[in-house]
Structures are given as C-alpha cells and as structure tokens.
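The chain contents come next:
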Amino acid sequence: MPKVNVTEVVLRDGHQSLIATRMRTEDMLPICGELDAAGYWSLEVWGGATFDACLRFLKEDPWERLRRLREALPKTRLQMLLRGQNLLGYRHYSDDVVEAFVERAADNGIDVFRIFDALNDVRNLETAVRAVKRTGRHAQGAICYTISPVHRVEDFVALGRTLEEMGCDSIVVKDMAGLLTPAAAAELFAGLSEAVSVPLALHTHDSAGVAALCQLKAIENGCTHIDTAISAFSGGASHPCTESMVVALEGTEHDTGLDLERLQRIGFYFREVRRKYHQFESEATGIDTRVHTFQVPGGMISNLYLQLREQGALARMNEVLAEIPRVREDLGFPPLVTPTSQIVGTQAVLNVLTGERYKTITNEVKLYLKGHYGRPPGPVNEAVRRQAIGSEEPIEARPADLLRPELERLREEIGALAGCAEDVLTFAMFPDVGRRFLEERQAGTLTPEPLEPPAAPAADAGPQAAPVAFKVTIHGETYEIRVTGSGHRGQGSRPYYLVVDGVPEEVLV
Ligand code: PYR
C-alpha cells in the first residue's frame, strides 16, 4: 500500500485554475486509459466551476461528461468538489435540491464528494454530508484555510473534530488561495492528526511557489492524501506537480507507488492539450506572492484584472488589491473562495471606482450581512452593517431552514424541456444558463464557443521558420520580442535584431 495517496486534479481544478475551466471532454477521453491505470487514489473530475463552464461555454451536458468519464475510468475513484448548500452554483438551494443532486451525482459515477462551505459554517454542510452518507459514497469534509486574526490553528482543529463527528470519512485542508506556509502546514496537520482519526488530505495551490514544501511538511505531520496536477497543468495558480511529488517521495516511507514513466506520458499528452486553449491562459499562471500581501487568490487577481480592464480602470488595480483585505475585515474575515471571493471582490471594486467606500452596496453583501450565507467567522463592522441593512437583525437560523422545498416547482417550471431528473437539477442551479442550454439542445443548436487556432508547437517550426514574435523569460522577467531584422536560423553567427521592451538589441544566434 502506498503511504501517500494521490488525487490527480488535472481534469477539474488544474484546468479551472489555469485555462478558465475550458477543457473539453474530447480532450479528456483519449488519455483516460493511462489515467485509470496510473494507480491514483482518486481523480478529481467534476464539480467546482466545471458544471457552469460546460453549460455556458462548452455547450456540453455536464452529466453526460460524468457518465462518459465513468465509463472510461472504471477502476479509479471519481471525485467532485461540492460547494455545500450552494451545490455548484452561487446561492443556497433548498434541502430537497441538495439531496436530489447528491443522489444523482452518485448514481452517475461520483465516489468521493469533497464538501466545503466558504464560511466554514458546518450547518451549510450538514445536508450534503448526510445525503452522501445515504448513498454509501465517501464524504470528505473540507476546512477552508485562511489567515486572519480570527482564524487560529485550534479553531481549524476543532472544526476537524466537528467534521469527523458529522460522519465525514476524511478531512481535507482546502488552501484554495495558496496561503499556507510550510511551518503553518506542519502545525496544522500535527494538531489535526492528534485530534481526529479519519485520513487527512491537503489541497493547496502553488500561487506563492511554496505548495510542494507545504505538502512535504503536512505529510511529515500526518497527512496521507495530497492533491497534485500533472506537470502540464501544475504550478502557479494550480497545484504542485504530480511527477515532482512522486520523485520527491520515491523510496521514502511516504512513497506514492505511482509509475513515473506513465505519468510522464500523461504529462506530455496534456502539454499538447494545453496549447489548444492558449486564448484562456490566465494572467495568474506564474508565481505571485501578492497572495500573502493581500490574501487574494491568484484566480481572483486575474478576474479583477479582467473586470477592471473592461471598465478601462486597470490603473486602479493596486487600490482594489489594497481594498480587498479592508472589505474582508468589515465582513468578519470570510475565507476568500466561491462565493465570498466574488462578494468581497465586487464590493472592493465598487468602493474604489465610486470614490466612496460603501456608497453602493451589492445585494450579495446585504444578504451576507443578513446572515443568509451563514455565520461570518468574526464580528462584522457595525457601521457597515447599519449602512447596508439598517436596523434589520441578521438571522440566527441555518440559512437553508428558511428555504421551502423547491424541486417540485422547478420541475413544473422547466416542463418538457427536461428529459430527466438531471436536467431539472441543471435548471435548478442555473435558471438562465441552464434553460438556454436545454432549449438549444432541444433545437439542435448547441454551439461551443470557438477556439482560436492552436499555437504552433515548437517541434513544428522547421529550420527555416524563424519566429517574428515571441516571449523570452530571463531571470523571471518576461520580454516581448519582435524580430525586426533579417537572417535565417542556423546560419552561424548572423545577428538578429530584436526589440526588447521597445529597445532594439543585437543578439547572436
Ligand atoms: C470552486 O468552488 O470552484 C473552487 O474551486 C473552490
């Protein structure tokens, strides 16, 4: 038995973090034979943003994707990321929708449900965990890791104990922003492994470039399951590299037991796949330690970048980054993950662009302050709360207790467009996008967003194919280079005249 079990995330979080969740099923299926034979503990293949991206951009039925992956991956556990009572959407759904969703996901092929709540409010996990246990599948409870004056190691350890008491089969530390440091990982896992007896996993992003070090320290302190992404989709906003972790642990008491050569073949396959999606490459692909300055996850920085660019306000980026921790503090230090990252990020943008903090307050911030997302981790700013919701008292109840069963109404509303229970759930989670998808499917007009022609692989460039524009990274700095002179590759030391950041330079090749 391998001492450290590996969950491969390339088919979910790897491409969600690096190419805006755009990988199509057609690029997953050809490599499934190798993935299935690799001996992974599980493959994360579904959930998170993949469901939305399938409907909105790829025009694929996410349920059909799951069934096809299940068929192509008969031996390996299939895993999904579930946003607790938010399922795969951005608001709370009623319990009957959560129960039906879990039941259908299990029936279509999910073995392991990783369940988190952005506020670590366990009341938002209860229904999903119970529903998973009813199906007999593996319920993995998540601790959303963050740093703040109200998040102490002992609180995370206590949360771990609660998750175990709720019946979770394992517990994952979900470091979605890549905020862990090796020392913090060691302390946290030492505490958790003393407090609970279920297996412990670590999911961390490499935004600051220290994720592999964190995994090693976690493993040395009782973590037995790690999430990694195959090389082509690893690093930066994504995860530690699978092959590297296998090499690092090989021959030690923590050996993963995975076959490196097979992983290398898988890595090369995905290298080619990634080229196809070059138009979606995130701004936050590389290492960015600003996550430790602003506690802003890499994916959120790239979203903000796009939002501000669209509004011609890119120059305000640093002000927005500085505003995010202030809004977060006003809201009682929520961990930044879906949906709180969107709630805090949008309010921070408004606070900066309107020129006055909280002049305009989003509906989501109002709902948050009314308690409809759950209990904030720390005290909220009373003045902001008054400004947002006046004298209204926040609710004390579990938010979903205020929601009436809605499945029957949704079934009636979508009517004949839904061919099965799965279609009703698609509509339940995404009323607009889901309905449009079902209508287009019925009309036979589903058309995926177009892909730009692939970037030519280096091997395709023949000896005469001198590039006219390319990027060069020197000591970590990337230069846009345009060739302005003449010359042919392979002709000894003829000079190329390059423009490096606007300055022509002569280089010998
Ligand atoms: C998601 O909710 O999609 C994350 O990856 C956290």
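Residues numbered from 1 in each chain as written. Predicted model: local features only at pLDDT ≥ 70, side-chain atom pairs only at ≥ 80, totals over all residues. Heavy atoms only, no water.

## Let's talk about unusual backbone geometry
And step 1. That bond from T338 to P339 is cis: its omega, 5 degrees, falls within 30 degrees of zero.
And step 2. Looking at the element boundaries, P339 is found in the loop between helix 15 (317-330) and helix 16 (340-353).
And step 3. Of note in the backbone geometry, L87 takes a positive phi value of approximately 50 degrees without being a glycine.
And step 4. Position of L87 relative to the elements: it lies in the loop between strand 3 (77-82) and helix 6 (95-108).
And step 5. When its relative accessible area of 0% is taken as the criterion, L87 is described as buried. (Helix = DSSP H or I, 4+ residues; strand = E, 2+ residues; numbered from the N terminus. Buried < 20%, exposed > 50% of the residue type's maximum accessible area, 1.4 Å probe, protein only.)

## Some points on the packing of aromatic side chains
And step 1. Counted according to the given criterion, the structure contains 11 aromatic pairs.
And step 2. A centroid spacing of 6.1 Å and a plane angle of 20 degrees characterise the contact between F51 and F430, whose relative ring orientation is stacked. Here F430 lies in the loop between helix 20 (421-429) and helix 21 (431-443) and F51 lies in helix 4 (residues 50-58), a separation of 379 residues in the sequence. Of the two residues, F51 and F430, both sit in the buried class.
And step 3. Members of the aromatic cluster, each reached through a chain of ring pairs, are W46, F51, W63, Y90, F101 and F430.
And step 4. One residue, R22, lies across the ring of F57, its end atom 3.6 Å from the ring centre.
And step 5. Between R274 and the ring centre of F233, over which it is positioned, the NZ or CZ distance is 5.5 Å. (Phe/Tyr/Trp six-rings, centres within 6.5 Å; stacked < 30°, edge-to-face > 60°. Lys NZ or Arg CZ within 6 Å of the ring centre and 35° of its normal.)

## Section: the nonpolar core
And step 1. Among the nonpolar cores identified, the biggest contains 102 residues, and M23, Y40, W46, L82, F101, F113 and F270 are the most heavily contacted of them.
And step 2. For this core, the element with the most residues is helix 6, which contributes seven residues.
And step 3. Ranked by size, the runner-up nonpolar core spans 30 residues in total, among them M300, I301, A348 and I361. (Core = buried A, V, L, I, M, F, W, Y, C linked by side-chain atoms within 4.5 Å.)

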